[in-house]
Amino acid sequence: MVDVRQASLGEAINRKYPESVVLIVTQDPDGITNVMPAGWSMFTSGEPLMLAISVGVSRHTHTNLERSDELVIAFPSPVQVDDLVFCRSHSGAEVDKLAESSLEPIPASEVTPPLLRKATACFECRKGPALHTGDHTIFANEVLATHVSKTYAERVKNLGREYGDGPERFNTL
Ligand SMILES: Cc1cc2nc3c(=O)[nH]c(=O)nc-3n(C[C@H](O)[C@H](O)[C@H](O)COP(=O)(O)O)c2cc1C
């Protein structure tokens, strides 16, 4: 018996979930903070510690990263799911997401973009090499400082498109 069958791209990709989600925190030259959810992230080096993200060229976050060397990568906790859905549904090109969500910024120690209170972990980063891979750019970032929540230990996972587009798509399975 052949235990493999050909499948659609969507069906095969669905097998990668659940997947951790991060919130990418950047700032524009006027100091306006933007927050973007991203599923495509990975550690790429232990020494130095490097954390890479893949950002669509059309994202406001991409524009911010072209003009700034600093960012924070936060792993949201389940209490931040509604804010995550809000940040996914709007672009920082049009909306001040911090002002219009309940996300709470707190000062970082090494970079200008803020940490997010209630995120289970925050990584302060200096932008590293960029790799243009098509409609997304991979930014590999050196981790300068790390923080964890004293209260929220769990992270948010994306269950995949088949679970919808709202909060029901995210949980801690
Ligand atoms: C679960 C999830 C994962 C996502 N992953 C990525 C990603 O890895 N890269 C990306 O460019 N956009 C990703 N997006 C889409 C962006 O979050 C979305 O386009 C956002 O509105 C962009 O915000 P900005 O224009 O303010 O930067 C993801 C969205 C969701 C809900």
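Residues numbered from 1 in each chain as written. Predicted model: local features only at pLDDT ≥ 70, side-chain atom pairs only at ≥ 80, totals over all residues. Heavy atoms only, no water.

A few points about the sheet that holds strand S5 (residues 50-56)
Pairing within the open sheet is antiparallel, and its seven strands lie in the order S3-S2-S6-S9-S10-S5-S4. Of all the strands in the sheet, the pair left with one neighbour each is strand S3 (33-38) and strand S4 (41-45). Across the sheet, the axes of successive neighbouring strands diverge by a mean angle of 35°, strand direction being ignored. Judged from the four bridges that link them, S4 and S5 form a sheet pairing that is antiparallel. In the sheet register, Ser45 faces S5, and the bridge partner there is Met50. (Pairing = 2+ DSSP bridges. Helix = DSSP H or I, 4+ residues; strand = E, 2+ residues; numbered from the N terminus. Axes fitted to C-alpha atoms, helices over the stretch in contact; angles between N-to-C directions.)

Details of the nonpolar core
The biggest cluster of nonpolar side chains holds 21 residues, and the ones touching the most others in it are Val35, Leu116 and Phe170. Sequence-distant contacts of Val35, defined by excluding residues within four places in its chain, comprise Leu23, Ile24, Val25, Cys87, Lys97, Leu98, Leu103 and Leu116. Among the nonpolar cores identified, the runner-up in size contains 16 residues, and Val22, Ala38, Phe123 and Phe139 belong to it. (Core = buried A, V, L, I, M, F, W, Y, C linked by side-chain atoms within 4.5 Å. Buried < 20%, exposed > 50% of the residue type's maximum accessible area, 1.4 Å probe, protein only. Contact = heavy atoms within 4.5 Å.)

Side note on the pattern of salt bridges
Tallying each qualifying case throughout the model produces eight salt bridges. We note a salt bridge from Lys127 to Asp69, for which the minimum N-O separation is 3.5 Å. In this pair, Lys127 sits in strand S9 (residues 121-132) while Asp69 sits in the loop between helix H2 (60-67) and strand S6 (70-75), placing the two residues 58 residues apart along the sequence. The class for Asp69 is partly exposed, based on a relative accessible area of 47%. Two residues, Arg88 and Asp165, come together in a salt bridge whose shortest N-O distance is 3.9 Å. With a gap of 77 residues between them, Arg88 in helix H3 (residues 81-89) and Asp165 in the loop between strand S11 (157-158) and strand S12 (170-171) connect regions that are remote in the sequence. For Arg88, a relative accessible area of 41% gives the class partly exposed. Residue Asp165 is classed as partly exposed on the basis of its relative accessible area, which comes to 43%. Several salt bridges converge on common partners, so that one network encompasses Arg88, Asp165 and Arg169. (Salt bridge = Lys/Arg side-chain N within 4 Å of Asp/Glu carboxyl O.)

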